[in-house]
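Listed below, chain by chain, are the residues.
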Amino acid sequence: MHFAAREAVGGVRAAAMAAAGGRGGRVPAVAALRLALLLGTALASARATVYYQEQFLDGANWQKRWMNSEYKADFGKFKLTAGKFYGDPVRDKGLQTTENSKFYAISSRFKPFSNKGKTLVIQYTVKHEQRIDCGGGYVKIFSSNLDQKKLSGDSHYYIMFGPDICGSETKKVHVILNYKNKPHPIKKPIRCKVDGYTHLYTLIIRPDQTYEVKIDNEMVESGNLEDDLDFLPRRKINDPTVRKPTDWDDRIQIDDPNDIKPEDWDEPEYIMDTSAEKPEDWDDAMNGEWRYPMVKNPLYRGEWKPRQIDNPNYRGVWPHPQIDNPNYSPDFSIYSYENISVIGLDIWQVRAGTIFDNFLITDDEVYAEDFGDETWGETKGPEKEMNIKQTEEEQERERLTEEKYFEQRFKKKLERKKESGKDRAVRNAIEKEEF
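Positions within a chain are numbered from 1, following the residues in the order the chain's sequence is written. Only residues with pLDDT of at least 70 get local features here, since the model is predicted, and only at 80 or more are side-chain atom pairs given and counted; chain-wide, interface and lining totals rely on the full set of residues. The side-chain figures draw on all heavy atoms in the structure; neither hydrogens nor water molecules are used.

## Some details on the overall build of the protein
Each helix corresponds to a stretch of at least 4 residues labelled H or I by DSSP, and each strand to a stretch of at least 2 residues labelled E; elements are numbered beginning at the N terminus. Scanning the protein from N- to C-terminus turns up 7 helices and 22 strands. For each residue, the accessible area found with a 1.4 Å probe, counting protein chains only, is set against the maximum for its type, and the residue is called buried under 20%, exposed over 50%, and partly exposed in between. For the protein, the residues scored as buried account for 39% of the 435 residues in total. Expressed as a percentage of contacts within the protein between residues at least 6 apart in sequence, the contacts between residues at least 24 apart total 73%. Accessible surface is estimated by sampling points in the Shrake-Rupley manner with a 1.4 Å probe; for residues, cover comes only from the protein chains shown. Put simply, the protein shows about 26,100 Å² of open surface, and 51% of that area lies on carbon and sulfur atoms. It only takes one pair of heavy atoms within 4.5 Å for two residues to be counted as in contact.

As C-alpha cells, then:
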C-alpha cells in the first residue's frame, strides 16, 4: 500500500481501537478490527476496485453469503474455525473441510463484472493443516448464470486456480482458463506448498494477455497466456512444400563399418537338456513321445549388433522452414470474461482439514499484495510459533508418558522380585520345619 494510504489505515485502526476502549470495553476488539479493515479497504478503493472480499470476521453470518450445493446429498460439510494452530484466533478463521473422503461444493455470489480492459487478481489463503495426502485446494470462478444449488464438477467455470495434491506425483498449482467453452491448463509445472501452514495464492491476469502466479506474495511463474496455454493454433507451422534434402544426415551415431560379428556368436537361445532322463511312469500312448526338455543356452549372447560410433557426416537437426499458419487468427480478448459473479470451492478430499480464508478479487495488484501482507503476512509468524510450541509440548507429553510407562514396568518388576523372594523364604522355612 502507498505510504499515505498506510498511514490513513493505521490511523483508522488506532481510532477504532481507542473507541472500543473509550466505551468501557463494550465494543469488542474484533468489531474494531473489522471496522478498521473495512475503512482501510474503503480508503484503498479510491484507486482499486474490490469486487469480492471475504475474511469471515462476523462469525456465523458467513452462512448467509455462502451457499451449499444440493447437487449431491452427501457433499462434505464446512465449519468456521482457525484450526488447531493459528496466528490470530479471529482473523485466521476460515472455511474448513470436516469429513474424510468427500466431495465439497460451496459458493458465494457477488455483483457481476467484466475484466475487459482491466487486470484481474484472484487471491486467497489455503492451510492444509492435516498435511493433506490427496485432495484439492483450488477455487473456481463462475459467471452469473451458475445455479449455486446445482454446483458440481460438471459446472461450467471461467477460471480454476490453486493447489492440488495427490500422493508423491501430484503437488501442483492449477491454472486453467476457459476459452470458447473449453478448459485450457497451463503447460508449465508450478509446485505448491505442502508443509501444513497457511499460504497465500495469487493469480494475476492482465489485459496485455500476460499472467503471473504468486505464492506468499512471491512470483513463482509468469508468461504470456497465448504462449503458455493452448488457446489458439500455433502462429508458425512447418512449410509443407519443403522437404528435407535427401543427403541431409541427421544421425548422431552410426554402425561401425569395421565391426564384424564373431564367428562363434550365433548360438541358439534354448538347447535340449540331454542329461534329463525319461520318467519311469511315462506313458507314450497317453503323453506322447517323450523328448528332452529345452533349457536356456548359457552360450546364447542375443542378437548381434555392431557397436556405435559418432557419425562423421552428422549435420544436426534439419531446420524445417516455417511459414505463417493460415489457420491462426490472433485474439486479443482471451484474457477477458463477462459477468464474473461467483467464487466457489468444488473439490474432493481424502483427508479433510483444509482451511480457506482471505478471499479477494480485485483489479489492483498492489492492493492485493498489501491485503496479503496485512492478513496472511501478519499472522504467518505467530501461526508457525504456535505450531512449533504445540509440537514441542506434545513431544514432552509423549516423553513423560513413556517415562511413566517404563517406571511403572520397573516398579512391577521389583514387586515381582520381592514377591518371589518372599515365596522362596516361605518355602525355605517350610522345608526346614519338615526336615
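Once the structure has been displayed, the description carries forward.
## Considering the state of the cysteines
Disulfides are defined in this document as cysteine sulfur pairs within 2.5 Å. Across all of its chains, the model carries 1 disulfide by this definition. The side chain of cysteine 134 participates in a disulfide bridge whose partner is cysteine 166; the two sulfur atoms lie 2.2 Å from each other. Between cysteine 134 and cysteine 166, the S-S dihedral sits near -80°, and the bridge is therefore left-handed. Taken together, the residues span a long stretch of sequence, with cysteine 134 in strand β7 (residues 134-136) and cysteine 166 in strand β9 (residues 159-166) at a distance of 32 residues. Here cysteine 134 falls in the buried class, since its relative accessible area comes to 17%.

## A few points about a nonpolar patch on the surface
A cluster of nonpolar side chains, Tyr270, Met272, Tyr292 and Met294, forms an exposed patch at the surface whose accessible area comes to about 430 Å². Turning to its location among the elements, tyrosine 292 is positioned in the loop between α5 (284-287) and β18 (294-296). A relative accessible area of 35% places tyrosine 292 in the partly exposed class. To count toward a patch, a residue needs a relative accessible area above 30% and no salt bridge. Like charges then connect within 9 Å, nonpolar side chains (Val, Leu, Ile, Met, Phe, Trp, Tyr) within 5 Å. The working definition used for a salt bridge is a side-chain nitrogen of Lys or Arg within 4 Å of a carboxyl oxygen of Asp or Glu.

## Overview of unusual backbone geometry
With a phi angle near 60°, asparagine 217 is a residue other than glycine that sits in the positive phi range. Here asparagine 217 lies in the loop between β13 (210-215) and β14 (218-224). For asparagine 358, which is not glycine, the phi torsion reads 55° and is therefore positive. Tracing the chain through its elements places asparagine 358 in strand β22 (residues 354-362). For asparagine 358, a relative accessible area of 5% puts it in the buried group.

## Quick notes on the packing of aromatic side chains
For this analysis, a ring pair means two rings from Phe, Tyr or Trp (six-membered ring only for Trp) whose centres lie within 6.5 Å, classed as stacked if their planes differ by under 30 degrees, edge-to-face if by over 60, and tilted for the remaining angles. A full pass over the atoms with the stated rule returns 18 aromatic pairs. By the ring-pair criterion, three or more aromatic residues cluster together here, those being Phe56, Trp66, Tyr124, Phe161, Tyr201, Phe356 and Phe359. Whether a charge sits over a ring depends on NZ of Lys or CZ of Arg being within 6 Å of the ring centre and within 35 degrees of the ring normal. Positioned over the ring face of phenylalanine 85 is lysine 127, at 4.1 Å from the centre of the ring. Lying over the aromatic face of tyrosine 270, lysine 296 brings its terminal NZ or CZ to 5.2 Å of the ring centre.

## A short note on the pattern of salt bridges
On inspection of all chains with the given rule, the structure shows 29 salt bridges. Of the charged contacts, one joins arginine 206 and glutamate 212 as a salt bridge, the two residues approaching to 2.7 Å between their closest N and O atoms. In this structure, arginine 206 and glutamate 212 share a single accessibility class: buried. Arginine 307 is the partner of aspartate 259 in a salt bridge, and the nearest nitrogen-oxygen pair spans 3.4 Å. Here aspartate 259 is found in the loop between β16 (253-255) and β17 (270-272), whereas its partner arginine 307 is found in the loop between β18 and β19 (308-310), with 48 residues between them in sequence. On the accessibility criterion, arginine 307 (47% relative accessible area) is partly exposed. One continuous salt-bridge network, built from bridges that share partners, spans Glu54, Asp58 and Arg65.

## Overview of a positive patch on the surface
Taken together, the side chains of Arg409, Lys412, Lys413, Arg416 and Lys417 define a basic patch exposed on the protein surface. Position of lysine 417 relative to the elements: it lies in helix α7 (residues 376-434). For this count, His and the chain ends are skipped, Lys and Arg are scored as positive, and Asp and Glu as negative. By convention, the charge on Lys lies at NZ, on Arg at CZ, on Asp at CG and on Glu at CD.

## Some points on helix α6 (residues 365-374)
Within α6 the residues assigned to the buried category are Tyr367, Ala368, Asp370, Phe371, Gly372 and Glu374. For this analysis, a polar contact is any N or O atom pair within 3.5 Å, provided that within protein one partner can donate a hydrogen and the other can accept it, and provided that sequence-adjacent residues contribute only side-chain to side-chain pairs. The N-terminus of α6 is capped by aspartate 364, whose side-chain oxygen sits 2.9 Å from the backbone nitrogen of valine 366.

## A short note on the environment of arginine 65
Within the element layout of this structure, arginine 65 appears in helix α3 (residues 62-65). Since its relative accessible area comes to 31%, arginine 65 is described here as partly exposed. Those residues in contact with arginine 65, other than ones at most four positions away along the chain, are Glu54, Phe56, Asp58, Ser107, Ser108 and Arg109.

## A look at the nonpolar core
Ranked by size, the top nonpolar core spans 61 residues in total, and within it Ile159 and Phe359 carry the most contacts. One finds Ile204, Leu360, Tyr367 and Ala368 within the second-largest nonpolar core, a separate group that totals 7 residues. For the purposes of this section, nonpolar cores are sets of buried Ala, Val, Leu, Ile, Met, Phe, Trp, Tyr and Cys residues that join through side-chain atoms within 4.5 Å.

## Some points on the pairing of strand β6 (residues 120-128)
Of all the 9 residues making up β6, 9 are buried; the element is thus mostly covered by neighbouring parts of the structure. A two-sided burial pattern is seen for β6, the buried positions comprising Leu120, Ile122, Tyr124, Val126 and His128 on one face and Val121, Gln123, Thr125 and Lys127 on the other. Inspection of the sheet shows β6 paired to strand β12 (residues 198-205) by 8 bridges, in the antiparallel sense. Bridging from a neighbouring strand, isoleucine 122 pairs with leucine 203 of β12. Bridge analysis of β6 against β22 gives 7 bridges, and the strand direction is antiparallel. Its bridge partner being in β22, lysine 127 is matched across the sheet by isoleucine 355. For two strands to be treated as a pair, DSSP must find no fewer than two bridges joining them.

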